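A look at the structure
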Amino acid sequence: QVQLVESGGGLVQPGGSLRLSCAASGLLFSVYAMGWYRQAPGKQRELVARITNGGSTSYADSVKGRFTISRDNARNTVYLQMNSLKPEDTAVYYCSANSKNNYWGQGTQVTVSS
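Because the structure is predicted, anything quoted here is derived from the model rather than measured. Within every chain, residues take consecutive numbers counted from 1 along the sequence as written. The predicted origin of the model limits local features to residues at a pLDDT of at least 70 and limits the giving and counting of side-chain atom pairs to 80 or more, whereas totals for whole chains, interfaces and linings rest on all residues. Values shown for side chains rest on all heavy atoms present in the structure; no hydrogens or waters enter the calculation.

1. What to know about the environment of Phe67
Along the chain, Phe67 falls in strand β7 (residues 67–72). Sequence separation of Phe67 and Gly54 is 13 residues, and the distance between their C-alpha atoms is 19 Å. Contacts: residue pairs with any heavy atoms within 4.5 Å of one another. Discounting residues that sit within four places of it in the chain, Phe67 has contacts with Arg38, Val48, Tyr59, Leu80, Gln81, Met82, Asn83, Leu85, Asp89 and Tyr93. Helix and strand definitions follow DSSP, with helices as H or I runs of at least four residues and strands as E runs of at least two, each counted in order from the N terminus.

This is the structure we're talking about:
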C-alpha cells in the first residue's frame, strides 16, 4: 500500500545539475521525516540528506553546499536538488520515509560522467 517512487535520475556531465523527486502514497506524508540515501557499487548505503516533518534539514559533509533537500507536503513529494555534480556522486539514490515504520523507494540511477 505504501509506495515511494523516485524519478529524475539520469546521466549528467561533471558540474551539471539534476533534480530528484520522490512521490509518496499510502501514508500520512506530513508526519514522516524524509531522507535521500545513495549507494555506489561496492560501497555501503549512505545518508545524503534528511528533512524532518518540521522542515529541519541536514546533509552529509560531501554534499553540503551543493545539494538541497526540500518537501512539498501538499504534493506528498520530497526533492533533492543536486548542483555542481561530481563523478563521485554517481550512485543509485533512494528515498526513505521514517516514522514508526520505515519505507524505501526502488531507487533511481544518477551517473555523473563526461
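2. Some remarks on the nonpolar core
Membership of the largest hydrophobic core comes to 28 residues, with the highest contact counts inside it found for Met34, Trp36, Val78, Leu80, Met82 and Tyr93. Listed by contribution, the elements that provide at least two residues to this core are β3 (18–25), β4 (33–39), β5 (46–51), β7, β8 (77–82), β9 (91–98) and β11 (108–112). In plain words, nonpolar cores are sets of buried Ala, Val, Leu, Ile, Met, Phe, Trp, Tyr and Cys residues tied together by side-chain atoms within 4.5 Å. When a residue's accessible area, from a 1.4 Å probe over protein chains only, is under 20% of the maximum for its type it is buried; when over 50% it is exposed; and in between it is partly exposed.

3. Topic: the pattern of salt bridges
For salt bridges, the criterion is a side-chain nitrogen of Lys or Arg within 4 Å of an Asp or Glu carboxyl oxygen. Inspection of the entire model under this criterion finds five salt bridges. Of the charged contacts, one joins Arg38 and Glu46 as a salt bridge, the two residues approaching to 2.7 Å between their closest N and O atoms. Residues Arg75 and Asp72 are paired through a salt bridge, measuring 3.5 Å at the closest nitrogen-oxygen approach. Owing to a relative accessible area of 25%, Asp72 belongs among the partly exposed residues under this scheme.

4. Some points on the state of the cysteines
Two cysteine sulfurs form a disulfide in these notes if their separation is within 2.5 Å. Evaluation of the coordinates by the stated rule reveals one disulfide. Linked covalently through their sulfurs, Cys22 and Cys95 form a disulfide whose S-S length is 2.1 Å. Judged by the sign of its S-S torsion, about -80 degrees, the cystine formed by Cys22 and Cys95 is left-handed. A residue pair is termed long-range when its members are at least 10 positions apart, and Cys22 in strand β3 and Cys95 in strand β9 qualify at 73 residues. The class of Cys22 is buried, set by a relative accessible area of 0%. Of the residues examined, Cys95 reaches a relative accessible area of 0% and is grouped as buried.

5. Considering the sheet that holds β7
Strand order in this open sheet of four strands is β1-β3-β8-β7, and the pairing throughout is antiparallel. At either margin of the open sheet sits one strand with a lone partner, and together these are β1 (3–7) and β7. Strand-to-strand twist in this sheet, taken as the mean axis angle between neighbours without regard to direction, amounts to 15 degrees. The rule for pairing is simple: two strands pair if DSSP sees at least two bridges between them. Two strands pair when backbone bridges link them, and β3 and β8 are joined in this way by six bridges, in the antiparallel orientation. Its bridge partner lying in β8, Leu20 is registered against Leu80. Lines fitted to C-alpha atoms define the axes, with helix axes restricted to the stretch in contact, and inter-axis angles between N-to-C directions lie between 0 and 180 degrees.

6. Some details on the pairing of β1
Side chains of β1 alternate between two faces, with Leu4 and Glu6 buried and Gln3, Val5 and Ser7 left unburied. Where β1 and β3 come together, five bridges link them in antiparallel fashion. Across the sheet, Val5 pairs through a bridge with Ala23, a residue of β3.

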